[in-house]
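Each chain, letter by letter, is given below.
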Amino acid sequence: MYMCAIAGMVGLPVPDTEKMLSTMIRRGPDGQGQFIDGPCCLLHSRLAIIDPAGGKQPMTYHLGERAYTVSYNGELYNTDSLRRRLERLGHRFDTHSDTEVLLHAYAQWGEDCLTECNGIFAFAVWEHHKGKLFLARDRIGVKPLYYMLYGDGILFASEIKTILAYPGVEAKLDAQGVADILLLGPGRMPGSGVFRDILELEPGCCGVFENGRFCWKRYWYLKDRTHEESFEETAEQVRLLLTDAIRRQMVSDVPIGCFLSGGLDSSLIASVCAGEMKKRGERLPTFSLDYENNSRYFVPGKFQPNSDSDYIPIMEDALGVIPHRTVLRPEDLVANLERATIARDLPGMADVDFSLLAFCRDIRKEVKVALSGECADEIFGGYPWFRDPEVRAQSGFPWAQNTALRASFLSPEIRRQIDPEAYVMDAYNTTIHQCDILPETLPQERRMKEMVNLNHRWFMQTLLDRKDRMSMFCGLEVRVPFCDWRIAEYLYGVPWSYKDYKGYEKGLLRHSMRGFLPEEILWRKKSPYPKTHDPRYGEMVESLLREVLCDPTAPIFQIVSREALQTLLQTEQTWPWYGQLMKKPQTVAYMLQVNYWLKHYKIRLV
């Protein structure tokens, strides 16, 4: 398993690749490789997790007169079973790496290998004998993959910064990119890289570049089915799927740990991991986050009913783990604002990103791999907007019911090119129309499946972007067991009445995992990723925004109205900018990110 960075080009002059490789080293500090064959160049930068001595990439395999070379970022959780199947077909292996297994699987089955793989990945395979490049991304979209059609060729990479490092590629932004930043951000249109001409291969998609053309298709999506199991049978299946996913994702030749917030999702993962490690006579390292003075300033609210600090010790004691705590100050958050923007290549979730980056840097001092609880809420329906009938009934993205506010930030020049309400609603309606839902589905059940699809294709991708970029910027691999595609696929067909068992958010998950957690954790009301409530943080970012307002050359004024920024400083927000956490201080920080992003990447408006 190699959690790394990949990149490459086909049909383009191969430059001195040192600059491109230098942008990849944070994701893969353990070694770099390069492969050139005629019009194709593949690059790789590795973070070795399993079989560090073997599996160097790019890796080439010859099958008869055919030859294949892969550059791969990811891990397969069914490597052993795939290897056994391939061995029965006559394949022989030289390493223990899943890279070699994936390469042989592609040589054996072509793109159909994707349906055989259980894992998270983005990879490129060059078929020497055909002069064909194949690109693919995992079903859920845990691992990133961007591409750009440039001249008569194609560039691709794990991160946008690597594409921008190719000679002659310019960072450009058009009106649609501005709309992504201000009307949808930090979310973005599926398939959009925000920068002009840079696209993202969507989750569950693959594509072929051949004879100067790139053609892609979707090989997996949430497909509806009739659910015939009883509630108890469903609960047992959820328990089996989740515990299997967690155990599979513990495989590593380097130390692993778990994020632990004291909430339901991370506590469940930590519980299973601690139990498995105890069988081996080992103790699980856990990592928890808090903020200086949060006990003084925390105020319960609709989206954050209680503080994690009261619950973390309960889980630490219950599991007998090796606890680690990171306590951040407002100064730490502000210090990571620019680094987090570079890590994501885009403005992100403000201090939710900044804190995660600082947190991952601390975790990396102890372990190279950690498991985290992201995406349970999208799959099990845990967010408030799943359960608020008023919000649920409204058209539009439920985590950003504020298009009028967002539109007020557009500069007059941009506003003349975009109809904000139409832009947002077109994006929303496109996703709704693409939902796979059985025709006989009743209205409430239909709406809940629409909500799952919206969250799966939009909100979940924002969180996965955040987790991947902040962790990999620190050379830390974070695994997300709830993103096992088998869980997502199974849960999509499960009735909402099961998921909402006894009126609890994620009631089905809680019932399924009885016995793994203390009762006060099992039934704790959902509380999102923690943020600081220290007023000093708001004062710091507001002071920085005032400095921007005093700078007539600040690039943000190319796309954002100066008056709107002044109004932002003078008023309070009644609804978060995005999700549950982005209130006024986070919106101010987001605008600072936009300004820094435009400046750092030297972005030209077109």
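Residues numbered from 1 in each chain as written. Predicted model: local features only at pLDDT ≥ 70, side-chain atom pairs only at ≥ 80, totals over all residues. Heavy atoms only, no water.

**Side note on the packing of aromatic side chains**
Think of a pair of aromatic rings as described by two things: how far the centres are apart, and how the planes are tilted against each other in angle.
In step 1: Counted according to the given criterion, the structure contains 25 aromatic pairs.
In step 2: With a centroid separation of 5.4 Å and an interplanar angle of 40°, the aromatic rings of Trp399 and Phe459 are classed as tilted. With Trp399 in the loop between helix H15 (389-393) and helix H16 (403-407) and Phe459 in helix H19 (residues 443-472), this residue pair connects regions lying 60 residues apart in the sequence.
In step 3: Plain terms: the ring middles of Trp577 and Tyr590 are 5.8 Å apart, the flat faces sit at 45° to each other, and that makes the pair tilted. Taken together, the residues span a long stretch of sequence, with Trp577 in the loop between helix H25 (562-570) and helix H26 (584-600) and Tyr590 in helix H26 at a distance of 13 residues.
In step 4: Classification of Tyr590 by relative accessible area gives buried; the value is 0%.
In step 5: Following the ring pairs from residue to residue traces out a cluster consisting of Tyr383, Trp385, Phe397, Trp399, Tyr428, Trp458, Phe459 and Tyr578.
In step 6: Directly above the aromatic system of Trp577 lies the positively charged group of Arg406, at a separation of 4.2 Å from the ring centroid.
In step 7: Above the face of the Tyr492 ring, Lys449 is positioned so that its terminal group lies 4.8 Å from the ring centre. (Phe/Tyr/Trp six-rings, centres within 6.5 Å; stacked < 30°, edge-to-face > 60°. Helix = DSSP H or I, 4+ residues; strand = E, 2+ residues; numbered from the N terminus. Buried < 20%, exposed > 50% of the residue type's maximum accessible area, 1.4 Å probe, protein only. Lys NZ or Arg CZ within 6 Å of the ring centre and 35° of its normal.)

**Here's the deal with the pairing of strand E4 (residues 59-63)**
In step 1: Bridge analysis of E4 against strand E5 (residues 66-76) gives five bridges, and the strand direction is antiparallel. The partner of Leu63 across the bridge, within E5, is Arg66.
In step 2: Here E4 folds back onto E5, and the loop between the two strands holds two residues, one of which, Gly64, carries a positive phi near 65°. (Pairing = 2+ DSSP bridges.)

**Structural notes on the pairing of strand E6 (residues 119-127)**
In step 1: With respect to burial, E6 is a largely interior element, nine of its nine residues being buried.
In step 2: By the bridge criterion, nine bridges tie E5 to E6 in an arrangement that is antiparallel. In the strand pairing of E6, Ser71 is matched with Ala124.
In step 3: In this sheet, strand E7 (residues 132-137) lies alongside E6 in antiparallel orientation, the contact comprising six bridges. If you follow Phe123 over to E7, its bridge partner there is Ala136.

**Observations regarding the pattern of salt bridges**
In step 1: Scanning all chains against the criterion turns up 51 salt bridges.
In step 2: Among the salt bridges present, the one from Asp465 reaches Arg188, with a minimum N-O distance of 2.6 Å. One end of the pair, Asp465, is in helix H19; the other, Arg188, is in the loop between helix H5 (175-184) and strand E11 (199-200), and 277 residues separate them in sequence. Each member of the pair, Asp465 as well as Arg188, is classed as buried.
In step 3: Salt-bridge contacts for Arg486 lead to Asp484; the nearest nitrogen and oxygen are separated by 2.9 Å.
In step 4: One salt-bridge network, held together by shared partners, links Arg27, Arg137, Lys143, Glu159, Lys161, Arg188, Glu200, Asp345, Asp465, Asp468, Arg469 and Glu477. (Salt bridge = Lys/Arg side-chain N within 4 Å of Asp/Glu carboxyl O.)

**Let's talk about the sheet that holds strand E17 (residues 369-371)**
Sheet strands associate in pairs through backbone hydrogen bonding, adopting either a parallel or an antiparallel arrangement.
In step 1: Taken in spatial order, the five strands make up an open sheet running E16-E15-E14-E17-E18, and their pairing is parallel. Strands at the two margins of the open sheet, each flanked by one partner only, are strand E16 (322-328) and strand E18 (477-479). On average, each strand axis in the sheet is inclined to that of its neighbour by 30°, with strand direction left out of account.
In step 2: Examined bridge by bridge, strand E15 (residues 285-291) and E16 share seven bridges and lie parallel to one another. From the neighbouring strand, Phe287 faces E16, where its bridge partner is His324. (Axes fitted to C-alpha atoms, helices over the stretch in contact; angles between N-to-C directions.)

**Regarding the environment of Asp468**
In step 1: Within the secondary structure, Asp468 sits in helix H19.
In step 2: We classify Asp468 as buried; its relative accessible area is 3%.
In step 3: The sequence separation of Asp468 and Arg27 amounts to 441 residues, and the corresponding C-alpha distance is 9.5 Å.
In step 4: Apart from residues lying up to four places away in sequence, Asp468 is in contact with Arg27, Val142, Lys143 and Pro144.
In step 5: Side chain to side chain, Asp468 and Arg27 meet in a polar contact 2.7 Å long. (Contact = heavy atoms within 4.5 Å. Polar contact = N/O pair within 3.5 Å; in protein donor to acceptor, adjacent residues only side chain to side chain.)

**Describing helix H18 (residues 420-433)**
In step 1: The first and last C-alpha atoms of H18 sit 20 Å apart over 14 residues, in line with the 20 Å expected at 1.5 Å per residue.
In step 2: Within the sequence span of H18, burial applies to Pro420, Tyr423, Val424, Met425, Ala427, Tyr428, Thr431 and Ile432.
In step 3: In this structure, the buried residues of H18 make contact with H5, H16, helix H17 (412-415) and H19. (Expected span 1.5 Å × (residues − 1).)

**Details of the nonpolar core**
In step 1: One finds Phe123, Phe195 and Trp597 to be the most contacted residues of the largest nonpolar core, which totals 198 residues.
In step 2: Top element by residues in this core is H19. It accounts for ten residues.
In step 3: Non-local contacts of Trp597, meaning those with residues more than four positions away in its chain, are made with Leu173, Ile181, Val194, Phe195, Thr341, Asp345, Leu346, Pro347 and Ile603.
In step 4: Judged by nonpolar contacts, the second largest core, of 18 residues, contains Val10, Ile154, Cys205 and Phe214. (Core = buried A, V, L, I, M, F, W, Y, C linked by side-chain atoms within 4.5 Å.)

**With respect to the packing of helix H2 (residues 79-88) against helix H3 (residues 98-109)**
Two quantities define a packed helix pair, namely the angle between the axes and the distance from one axis to the other.
In step 1: In the contact formed by H2 and H3, the axes pass within 10 Å of each other and the chain directions differ by 45°. Here H3 runs oblique to H2, going by the angle between their axes. The two elements H2 and H3 meet at a crossing, and its hand is left-handed. In this structure, H2 uses Thr79, Leu82, Arg83, Arg85 and Leu86 to contact H3, whose residues at the interface are Asp98, Val101, His104, Ala105, Gln108 and Trp109.
In step 2: Along the lines of polarity and charge, the residues of the contact of H2 with H3 split into five nonpolar, three polar and three charged. (Parallel < 35°, antiparallel > 145°, perpendicular 65-115°, else oblique. Left-handed = near helix turned anticlockwise from the far one by under 90°. Nonpolar A, V, L, I, M, F, W, Y, C, P; charged D, E, K, R; others polar.)

**Details of the sheet that holds E4**
In step 1: The sheet built from six strands is open, its strands ordered E4-E5-E6-E7-E12-E13 with antiparallel pairing. Two strands close off the open sheet at either side, each with one partner strand: E4 and strand E13 (213-218). Strand-to-strand twist of the sheet, defined as the mean angle between neighbouring strand axes without regard to direction, takes the value 20°.
In step 2: In this structure, E7 lies alongside strand E12 (residues 205-210), joined through four bridges in antiparallel fashion. In the sheet register, Phe134 faces E12, and the bridge partner there is Val208.
In step 3: Taken strand by strand, H3 contacts E4, E5, E6 and E7, and its axis lies near 130° from that of E5.

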